[in-house]
Amino acid sequence: MSTPKTPDVETPSIEDRLYTNKYTDHEESHLGVFEEQTCLDCETYDCVSVCPANVWRDEGDGDVPFIAYENCLECGSCRWACPYDNVIWENPPNGTGMTYRYG
Amino acid sequence: MTETPNYDDHFDAIVVGAGLAGSAAALTMAQEDLEVLLLERGASPGSKNVFGGTMFTPRVRDLVGEDFEDAPTERYLGRKQFSLLSPEDETSLSVRPSAWQDPPHNDTHMVLRGNFDEWFADQAVEAGATLITETTVTDVIREDEDGPIVGVETDRPDGAIRAPVVVLAEGGNSLVSEAAGLKEPDKRQEVAIGAKEVRKYDRETIEDRFGLGEKDGASHHYFGEGACGGAVGGGFIYTNKNTLAIGVAYSISDAVEDPRKPDELLDDFKQHPAVAPLVKGGRLVEYSAKAIPEGGASAVPDLAHDGAVIVGDAASLVLNNGIHLEGTNMAIESGYWAGKAVAEAAAAGQYDATALQAYPENLEDSFVMENLEHYDWFGDFAHDEKQFLFTELPKALTEAELEFFKQDREPKETHAKRAKNMVIRALGGWTGAAKRAWKYRKLLS
């Protein structure tokens, strides 16, 4: 006997999720790392694990993570996730970045 | 670029951030006839804010009086549900008191921050405050190296703006307060990451699914492996007029251990058999995230400094004891008491930390610090007990319920006894149960 099926729910990709948001580019990344060597020595990439928008990307080359800053939801989680306090985080300038309409 | 008016030395106080704490402070000070500059980095107040959620409104009603009728609320909270989720099952408790259905609805309303914060900042402006948006504060200005704070640096042209007092209401990602040495960064075990979808539905769909009328709403809180893996945290659904807020929030120290990223965890939560029927369909209209400072009373920094006070999330004024999830009310309360203290300090012409002490003192006597201190043990407790609370307990309850309600030819007494033994075993035997009962007694106190 089969149980009633759980209804399908939409599980959008990060790109589809971000597509619904209002965003103004600021052309220069508001994110960065203080010391590249710290990232080269890092084995856990906690910044990548915690990011809800795929901003921080482990490219698999053991290098400093690629930073797709224009995906950033501005939660700041990467700052706390990094065990080495190696994340540079600045607020996007002059009203740029994410503009939440619902919040 | 249009001509920029010169704001330097023109104001009695500068408020950094027009969220709820900042606007409450600005409104309070404006009502005390202070000249207030309210700076917001977003395009409009609320445009950088994210929350669940329900707002608790006693202080807002006091501050704005009859104007509260025009506040852009979504639905009042008529029903609250708590659920424990094992990977496939749900055990829940739903509370729907009739008293909540009558005004003022236990002062609990669903709101969308985009329009609520804009309205609340408008109240401050109507009371006389000056609001400037699209302006990011990048640093504080000090008189000399370790001297009092006398203003802020911004990203406006000629960005320095001086004023006797700065109210830091910059939110949980408190870059300015930290850089200025006014607070230590929170530990990652004490900060939660929240990820949320807002989905649009027909009003009738929401009302039918959640058993609601036109004005009442429901909040659903989910704990356990089916909500957030083994993490300290939970999932939530809030009903707005024609949208649902669906999300997860869980400790960053747990998030880095889960192989799933927050968006994947959110997907799994939405697909739980108890959740999917409530959230299926609809149209995604926004995806957002927020860091939530949940370190409790011990994470609250010094609130008054020479020439500055810290309010709201920036001061870690968030309560999460599993049952009560509060922050916006504490933000508003802290903004109110900070505003009052600044007005007193201004009257005395003194702006050092001692002159601003009325703020931490009054906050200490208010529900804000009372509650944070009362539940300060919860954070460490939840992390210590997470294997039991979020994984073992939901599973044991499900198994015991299956046994208790089982239909076969055995007597009820046999099923009840077996079910009881299952629960006792999960609790660690009678001794374990007694120890846990003692340890957990504070949860409901």
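Just so you know, these numbers come straight off a predicted model, no measurement behind them.

A. How the structure looks around the overall build of chain B. Per the secondary structure count, chain B includes 16 helices and 20 strands. Over its C-alpha atoms chain B spans a radius of gyration of 24 Å, differing by no more than 12% from the 22 Å that the globule rule assigns to 445 residues. Residues counted as buried form 59% of the 445 residues belonging to chain B. Only carbon and sulfur atoms are counted for the fraction: they give 47% of the accessible area of chain B, which is about 18,300 Å². Side chains of chain B carry 43 positive and 77 negative charges; the gap between the two charge centres is 12 Å.

B. Structural view of the pairing of strand S13 (residues 216-223) of chain B. All names here are of chain B. Among the eight residues of S13, eight are classified as buried, and the element is accordingly described as predominantly covered. Residues of S13 alternate between two faces, with Asp216, Ala218, His220 and Tyr222 on one and Gly217, Ser219, His221 and Phe223 on the opposite face, all of them buried. Pairing of strand S4 (residues 73-85) with S13 involves eight bridges; the strand directions are parallel. Among the inter-strand pairings, arginine 79 is bridged to a residue of S13, identified as alanine 218. Bridge count between S13 and strand S14 (residues 233-239): four bridges; the pairing is antiparallel. Residue pairing for S14: serine 219 is matched across the bridge by tyrosine 238.

C. Here's a closer look at the state of the cysteines. All names here are of chain A. In total, this model carries zero disulfides over all chains according to the counting rule given. Not part of a disulfide, cysteine 39 finds its nearest cysteine sulfur in cysteine 47, a span of 6.6 Å. Under the relative-accessibility criterion, cysteine 39 is labelled buried at 10%. Distance from the sulfur of cysteine 78, which forms no disulfide, to the nearest cysteine sulfur (cysteine 72) is 6.5 Å.

The rules behind each value
Residues numbered from 1 in each chain as written. Chains lettered and ligands numbered in written order. Predicted model: local features only at pLDDT ≥ 70, side-chain atom pairs only at ≥ 80, totals over all residues. Heavy atoms only, no water. Helix = DSSP H or I, 4+ residues; strand = E, 2+ residues; numbered from the N terminus. Rg over C-alpha atoms; globule rule 2.2 N^0.38 Å. Buried < 20%, exposed > 50% of the residue type's maximum accessible area, 1.4 Å probe, protein only. Areas by Shrake-Rupley, 256 points an atom, 1.4 Å probe, with all protein chains shown as cover. Lys, Arg positive; Asp, Glu negative; His and termini not counted. Charge placed at Lys NZ, Arg CZ, Asp CG, Glu CD. Pairing = 2+ DSSP bridges. Disulfide = S-S within 2.5 Å.

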